[in-house]
Amino acid sequence: QVQLVESGGGLVQAGGSLRLHCAASGNTFGVTSMGWYRQAPGKQRELVATFTDGDTINYADSVKGRFTISRNNVKNAMYLQMNSLKPEDTAVYYCYTNTPWGRYWGQGTQVTVSS
């Protein structure tokens, strides 16, 4: 089993930046993909950015050029650097990992971007 805890969310003004952190613990071997989702009230949960096992990175079109996903395998950590934030980025952000035993989710961290 894997436990994931997100942190780093908060309230920022449009144009500002936040860096989200996802700390993993437990059995993190065998991960096939990992990344970030977000969900705003009344909207479908959206895949924001993801690593595949081959280190391929994909971003949602809405965040390309503004967000950067990264990871530190030694620290069992994953990050999402968010720049040039827009009010439409407001959502709860969740990190996830896929393993041969299933998908694991963090509890989410709120990001609110004011106009």
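Residues numbered from 1 in each chain as written. Predicted model: local features only at pLDDT ≥ 70, side-chain atom pairs only at ≥ 80, totals over all residues. Heavy atoms only, no water.

Caption draft 1: Structural detail: the overall build of the protein. Summing up its helical and strand segments, the protein has zero helices and 11 strands in all. Going from N to C terminus, the protein has its helices and strands arranged as β-β-β-β-β-β-β-β-β-β-β. Taken along the three principal axes of its C-alpha coordinates, the protein extends 40 × 25 × 25 Å. Long-range contacts, defined here as pairs at least 24 residues apart, represent 53% of the contacts in the protein between residues at least 6 apart. Summing over all exposed atoms, the protein offers an accessible surface of approximately 6,200 Å²; the carbon and sulfur share of this is 50%. Computed over 10 positive and 7 negative side-chain charges, the inter-centroid distance for the protein is 2 Å. (Helix = DSSP H or I, 4+ residues; strand = E, 2+ residues; numbered from the N terminus. Contact = heavy atoms within 4.5 Å. Areas by Shrake-Rupley, 256 points an atom, 1.4 Å probe, with all protein chains shown as cover. Lys, Arg positive; Asp, Glu negative; His and termini not counted. Charge placed at Lys NZ, Arg CZ, Asp CG, Glu CD.)

Caption draft 2: Geometry of unusual backbone geometry. Backbone geometry places Asn76, a non-glycine residue, at a positive phi of 50°. Relative to the elements of secondary structure, Asn76 occurs in the loop between strand E7 (67-72) and strand E8 (77-82). Overall, the relative accessible area of 31% leaves Asn76 in the partly exposed class. The backbone of Ser84 shows a phi angle near 50°, a positive value even though the residue is not glycine. Within the element layout of this structure, Ser84 appears in the loop between E8 and strand E9 (91-99). (Buried < 20%, exposed > 50% of the residue type's maximum accessible area, 1.4 Å probe, protein only.)

Caption draft 3: How the structure looks around the nonpolar core. Counting 27 residues, the largest nonpolar core has Trp36, Val48, Phe67, Leu80, Met82 and Tyr93 as its most contacted members. Going through the elements one at a time, strand E1 (2-7), strand E3 (18-26), strand E4 (33-39), strand E5 (46-52), E7, E8, E9 and strand E11 (109-114) are the ones with two or more residues in this core. Not counting residues within four places of it along the chain, the set of residues in contact with Tyr93 comprises Glu6, Leu20, Trp36, Tyr37, Arg38, Val48, Phe67, Leu80, Met82, Gly108, Thr109 and Val111. (Core = buried A, V, L, I, M, F, W, Y, C linked by side-chain atoms within 4.5 Å.)

Caption draft 4: Structural view of the sheet that holds E1. With antiparallel pairing, four strands are arranged side by side in an open sheet as E1-E3-E8-E7. Each edge of the sheet is formed by a strand with only one pairing partner; in this case those strands are E1 and E7. On average, each strand axis in the sheet is tilted by 15° relative to the strand beside it, whichever way the strands run. Here E3 runs beside E8; their pairing, made up of six bridges, is antiparallel. (Pairing = 2+ DSSP bridges. Axes fitted to C-alpha atoms, helices over the stretch in contact; angles between N-to-C directions.)

Caption draft 5: Quick look at the pairing of E3. Of the strand pairs in this sheet, E1 and E3 are connected by six bridges, and their pairing is antiparallel. Its bridge partner being in E3, Val2 is matched across the sheet by Gly26.

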